[in-house]
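The lines below spell out each chain.
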Amino acid sequence: MSKHDGDAGRASVAVHAARAGADVAAGSFRGELEVDRKDGKTDVVTQADREAQRRVIDVIEASYPDDPIVGEEDDALKAVPEAGPAWIVDPIDGTNNYVNGIRAFGTAVAAVRDGDPIGAATVCPALGDTYRVGPTEAVRNGEPLSVSDCADPEAATVCPTYWWNFDQRDQYAAAVRGLTDRFGDVRRFGCAQLELAMVASGALEGTITNLRANPWDTVAGVALIRAAGGTVTDLEGNRWRHDSEGLVASNGALHDELRAAARTIDDGGD
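Residues take numbers from 1 onward in each chain, read along the sequence in its written order. The predicted nature of this model means local features are confined to residues of pLDDT at least 70 and side-chain atom pairs, given and counted, to a pLDDT of 80 or more, with totals for whole chains, interfaces and linings taken over all residues. The basis for the side-chain values is all heavy atoms of the structure; hydrogens and waters are excluded.

Peer 1: Is there a simple way to think about the layout of surface pockets in this case?
Peer 2: A probe as big as a water molecule, rolled over the atoms, marks out the empty space that is left. Buriedness for pockets is judged along seven lines, at least five of which must meet protein on both sides within 12 Å for an open set on the 1 Å grid over protein atoms alone, while cavities are sets there where a 1.4 Å probe fits but cannot get out, and lining residues have an atom within 4 Å of a point. Grid points are joined across faces, edges and corners, and a volume is the space filled by probe spheres set on the points. Within this model, the second largest pocket holds a volume of roughly 160 Å³. We count a stretch as a helix when DSSP gives it H or I for four or more residues in a row; a strand needs E for two or more, and each element gets its number in order from the N terminus. When residues in the lining of the second largest pocket are grouped by element, the largest group, five residues, is from helix H2 (residues 47-63). A breakdown of the residues in the lining of the second largest pocket according to their chemical character gives three nonpolar, one polar and six charged. Put simply, Ala, Val, Leu, Ile, Met, Phe, Trp, Tyr, Cys and Pro go in the nonpolar bin, Asp, Glu, Lys and Arg in the charged bin, and everything else, Gly too, in the polar bin.

Structural data, given as structure tokens:
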């Protein structure tokens, strides 16, 4: 079996695993949920998160029992191995949306090799959307994805992504200021993987953060954007990886303007 065949197999399993986890999440959506808090009052986790992750892992291990799995919940690995194949799982990205009955949430699964994605899927069951990529083409519900061709900042819609702790809210304010000063409109959806998928689909022109985002919140969406013709870098303009500081994702045409906005965050928006 060639390496390409192996990558295609992992890309297929990523889709099956993400759908299985999303089915678990959908079964409890807008139902009675037991909600625990992690590091903050809006950083929540539910039993559905844990059950969805377990289901995703079961699907992966049925085909690749020896591969390491990085996951947001419980005792799964928290760092992506630098060498060999591995998996990155977010059972419910956008859990705060999920517990509040907001449809913007999804299950994301990425297969990586040597830290780089070779296939991924983000399934948003309440929206009826399945985004997938691997080994090359990015699609939503079977239709090819392409980033926006908008090159006019004043016509662009952009998004600050990830989230800033209470002691970092000046940085969130600076992010919004940097974007509103440069672009036509601003959104925030509270689900990083969905926001990245929306850049890949052309619904958004870009999204930024100055923070080091967790791999389960980002890797699948980054793979989608690149396969759809977009650009993802760190704040310095270097190719983004799962351990990069900051993230700037765009349709390519507006990348320099988005990077300029992102670089003002640590300077208070100046």
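Peer 1: Hey, could you run me through empty space enclosed by the protein in this one?
Peer 2: Evaluation of the coordinates by the stated rule reveals two cavities of 30 Å³ or more. Size it by volume and the largest cavity reaches roughly 60 Å³. In terms of lining, the largest cavity is formed by Gly115, Asp116, Pro117, Val219, Val222, Arg226, Trp240, Arg241 and His242. The element that contributes the greatest number of residues to the lining of the largest cavity is helix H6 (residues 219-227), accounting for three residues. Of the residues contributing to the lining of the largest cavity, the split by class is four nonpolar, two polar and three charged. There is about 30 Å³ of room inside the second largest cavity. Thr161, Tyr162, Ala192, Leu196, Thr209, Ala213, Asp217, Thr218 and Leu247 are the residues that line the second largest cavity.

Peer 1: Hey, could you run me through the sheet that holds strand S3 (residues 69-71) in this one?
Peer 2: Strands belonging to one sheet form pairs held by backbone hydrogen bonds; the direction of such a pair is parallel or antiparallel. Taken in spatial order, the seven strands of this open sheet run S3-S4-S5-S6-S7-S8-S9, and their pairing is mixed. The open sheet has two edge strands with one neighbour each: S3 and strand S9 (143-144). For two strands to count as paired, DSSP must find a minimum of two bridges between them. Summarising the sheet, strand S6 (residues 116-124) and strand S7 (residues 129-133) pair through five bridges and their orientation is antiparallel. For Ala121, the partnering residue across the bridge sits in S7 and is Arg132. Two residues qualify as a contact provided that any one of their heavy atoms is within 4.5 Å of a heavy atom in the partner residue. Only the stretch in contact is used when fitting a helix axis, every axis being a line fitted to C-alpha atoms; angles between N-to-C directions are given from 0 to 180 degrees. Across the face of the sheet, H2 comes into contact with S3, strand S4 (85-93) and strand S5 (106-113) while running at roughly 150° to S4.

Peer 1: Quick question: what am I supposed to make of the UniProt feature "binding site: Mg(2+) 2" (unreviewed entry) in the protein here?
Peer 2: UniProt positions are given in the numbering used here, feature names are shortened, and annotations may be inferred rather than shown by experiment. Sites flagged by UniProt as "binding site: Mg(2+) 2" (unreviewed entry) map to Asp90 and Asp93. Mapped onto the secondary structure, Asp90 falls in strand S4. Discounting chain neighbours no more than four positions away, the residues touching Asp90 are Glu72, Gly106, Thr107, Ala108, Trp216 and Asp217. Reaching out from Asp90, the side chain makes a polar contact with the backbone nitrogen of Ile92 at a distance of 3.4 Å. Along the polypeptide, Asp93 turns up in strand S4. Discounting residues that sit within four places of it in the chain, Asp93 has contacts with Ala104, Phe105, Gly106, Cys191, Ala192, Gln193 and Asp217. Pairs of N or O atoms within 3.5 Å make up the polar contacts considered here, provided that, within protein, one atom can donate a hydrogen while the other can accept it, and that residues adjacent in sequence are counted only when both atoms are side-chain atoms.

Peer 1: Looking at this structure, how should I read the side chain of Asp234?
Peer 2: By the element assignment, Asp234 lies in the loop between strand S13 (231-233) and strand S14 (247-250). For every residue, the accessible area (1.4 Å probe, protein chains only) is compared with the maximum for its type, and the residue is labelled buried under 20%, exposed over 50%, or partly exposed between those bounds. Charge assignment: positive for Lys and Arg, negative for Asp and Glu; neither His nor the chain ends contribute. Each salt bridge in this description consists of a side-chain nitrogen of Lys or Arg and a carboxyl oxygen of Asp or Glu lying within 4 Å of one another. Here Asp234 occupies a buried position and makes no salt bridge, while the nearest side chain of opposite charge, Arg259, is found at 6.4 Å. Separated by 2.9 Å, the side chain of Asp234 and the backbone nitrogen of Glu236 make a polar contact. The contacts of Asp234, once residues within four sequence positions are left out, are Trp240, Ser244, Glu245, Gly246, Val248 and Arg259.

Peer 1: Which parts of the structure should I look at to understand the environment of Ile208?
Peer 2: By secondary structure assignment, the location of Ile208 is in strand S12 (residues 206-209). It is 9.9 Å that separates the C-alpha atoms of Ile208 and Val176, two residues lying 32 residues apart in sequence. When neighbours within four sequence positions are excluded, Ile208 is seen to be in contact with Cys159, Pro160, Thr161, Trp164, Leu179, Leu247, Val248, Leu258, Ala261, Ala262 and Ile265.

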